[in-house]
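# Survey of secondary and tertiary structure
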Amino acid sequence: VQLQACGGGLVRAGGSLRLSCAASGNILSIGTLGWYHQAPGKERELVARVTGDGIRNYVDSVKGRFTISRDDAKKTVDLQMNTLKPEDTGTYYCNAAVRSYAGWNVYWGQGTLVTVSS
């Protein structure tokens, strides 16, 4: 199973970006999907997640600005980021709980860099 993330880039404060992550491989089902943010010199932190039932959770700092969505047919999870702030700068990683023939495991994408200029 592999996760491939894309969509990062350089944007000015107040702008928008859409991150996308696609899962591939021997996938039987996908559980919770999430996006994590790692600011320079800091630990990786959960930004948003969506369960297999469609329940969404967000960290307080992105509520009202970010929206997570999933497409189970395409095996993708997107993160729409609006009204970006300089503190949103960092590497964003997608994360997925996936059931394959080997059972349930958690996988990470390679990360995509977001830079928000002031």
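Overview of the structure. (Residues numbered from 1 in each chain as written. Predicted model: local features only at pLDDT ≥ 70, side-chain atom pairs only at ≥ 80, totals over all residues. Heavy atoms only, no water.)

### Details of the state of the cysteines
The term disulfide refers to a covalent linkage connecting the sulfur atoms of a pair of cysteines. Under the defined criterion, the tally for this structure stands at one disulfide. Of all cysteine sulfurs in the structure, the one in Cys 21 sits closest to Cys 6, which takes part in no disulfide; the separation is 8.3 Å. (Disulfide = S-S within 2.5 Å.)

### So, the sheet that holds strand 8 (residues 76-81)
Taken in spatial order, the four strands of this open sheet run 1-3-8-7, and their pairing is antiparallel. Looking at strand neighbours, the two that pair on one side only are strand 1 (2-6) and strand 7 (66-71), the edges of this open sheet. In this sheet, adjacent strand axes meet at a mean angle of 15° when their direction is disregarded. Bridge analysis of strand 3 (residues 17-24) against strand 8 gives six bridges, and the strand direction is antiparallel. Bridge pairing in strand 8 places Leu 17 opposite Met 81. (Pairing = 2+ DSSP bridges. Helix = DSSP H or I, 4+ residues; strand = E, 2+ residues; numbered from the N terminus. Axes fitted to C-alpha atoms, helices over the stretch in contact; angles between N-to-C directions.)

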